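Working through the structure, step by step
Listed below, chain by chain, are the residues.
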Amino acid sequence: MARWRDQDATLAVEAAIVAPVLLVLMLLVVYAGRAAAADADVRSTAARAARAASLTADNSAAQKAADEIALANLATAGIACTTTDIDVVADIRAGGTVTVHIGCEMANTDLALLAIPGRRWSTATATQVVDTYRGGG
């Protein structure tokens, strides 16, 4: 086996070039995973808020219940929304429906270990049927 003197440091040079690229790719995968988890948390929050709103007696109580549950759920999930939109369309009567739409704007730097500029919106909509015995009619 002949060993070439000009290739002694080849492995070190290749590692110095490839290692930062692999590190950035791994951090981008972490960012994508955390963004997907945040989207799932917002969808779960919308479903819980719609359920809470469907158990109320009137439309104003439905809005209040959805707001309280949504904000508490987002805080519990560890999602720091810079802007939160919670819209409730309620038809509180036996067999009616409650639809909750939640929008959450979050900073990209909260989702990744990288300093990714900008913000991203995560939105979800959930509909719940009002229980026959809670519809007030």
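Below or above, wherever it landed, is the structure these notes cover. Computed from a prediction, not measured in an experiment: that's the story for all the values here.

What follows concerns the pairing of strand S2 (residues 97-107). In terms of burial, S2 is a largely internal element, eight of the eleven residues being buried. As judged from the eight bridges shared by strand S1 (residues 83-90) and S2, these two strands associate in the antiparallel manner. Residue pairing in the sheet places Thr 83 in a bridge with Glu 105 of S2. Two successive antiparallel strands, S1 and S2, enclose a turn made up of six residues, where Gly 95 displays a positive phi of approximately 85 degrees. Sheet topology places S2 next to strand S3 (residues 119-129); eleven bridges connect them, and they run antiparallel. Counterpart to Cys 104 in the pairing with S3 is Ser 122.

Side chains that differ in charge, positive against negative, can pair when their charged atoms come close. Taken as a whole and judged by the stated rule, the model has two salt bridges. Among the salt bridges present, the one from Asp 39 reaches Arg 120, with a minimum N-O distance of 3.2 Å. Of the two residues, Asp 39 sits in helix H1 (residues 10-54) while Arg 120 sits in strand S3, which places them 81 residues apart along the sequence. A salt bridge links Asp 91 to Arg 93; the nearest nitrogen and oxygen atoms lie 2.9 Å apart.

Here helix H2 (residues 59-77) is 19 residues long and its end C-alpha atoms lie 27 Å apart, about the 27 Å a rise of 1.5 Å per residue gives. Packed against the buried residues of H2 are H1, S1 and S2. Directly after H2, the chain includes Gly 78, whose backbone phi takes a positive value near 80 degrees.

What follows covers the nonpolar core. Judged by nonpolar contacts, the single largest core of 28 residues is most densely connected at Val 42, Ile 79, Val 88, Val 98, Val 100 and Ile 102. Taken together, the elements giving at least two residues each to this core come down to H1, H2, S1, S2 and S3. No other element matches H1, which puts eight residues into this core. Val 42 has contacts with Leu 74, Ile 79, Ile 102, Cys 104, Ser 122, Thr 123 and Ala 124, leaving out every residue within four places of it along the chain.

Taking strand neighbours across the sheet as the criterion, the three strands line up as S1-S2-S3 in an open arrangement whose pairing is antiparallel. For this open sheet the edge positions go to S1 and S3, each flanked by a neighbour on one side alone. Taken pair by pair, the neighbouring strands of this sheet meet at an average axis angle of 10 degrees, ignoring direction. The sheet strands contacting H1 are S2 and S3, and the helix crosses S3 at an angle near 30 degrees. Sitting on the sheet, H2 is in contact with S1 and S2, with an inclination near 145 degrees to S1.

It is worth spelling out the state of the cysteines at this point. Overall, the coordinates contain one disulfide when judged by the stated rule. Disulfide partner of Cys 81: Cys 104, at an S-S distance of 1.8 Å. Between Cys 81 and Cys 104 the sulfur-sulfur dihedral comes to about -100 degrees; the bridge is accordingly left-handed. Here the residue Cys 81 occupies a position in the loop between H2 and S1, and Cys 104 occupies one in strand S2, the gap between them amounting to 23 residues.

Cut-off values and rules
Residues numbered from 1 in each chain as written. Predicted model: local features only at pLDDT ≥ 70, side-chain atom pairs only at ≥ 80, totals over all residues. Heavy atoms only, no water. Buried < 20%, exposed > 50% of the residue type's maximum accessible area, 1.4 Å probe, protein only. Helix = DSSP H or I, 4+ residues; strand = E, 2+ residues; numbered from the N terminus. Pairing = 2+ DSSP bridges. Salt bridge = Lys/Arg side-chain N within 4 Å of Asp/Glu carboxyl O. Expected span 1.5 Å × (residues − 1). Contact = heavy atoms within 4.5 Å. Core = buried A, V, L, I, M, F, W, Y, C linked by side-chain atoms within 4.5 Å. Axes fitted to C-alpha atoms, helices over the stretch in contact; angles between N-to-C directions. Disulfide = S-S within 2.5 Å.

Note that every value here comes from positions in space, so none of it alone points to a role or purpose.
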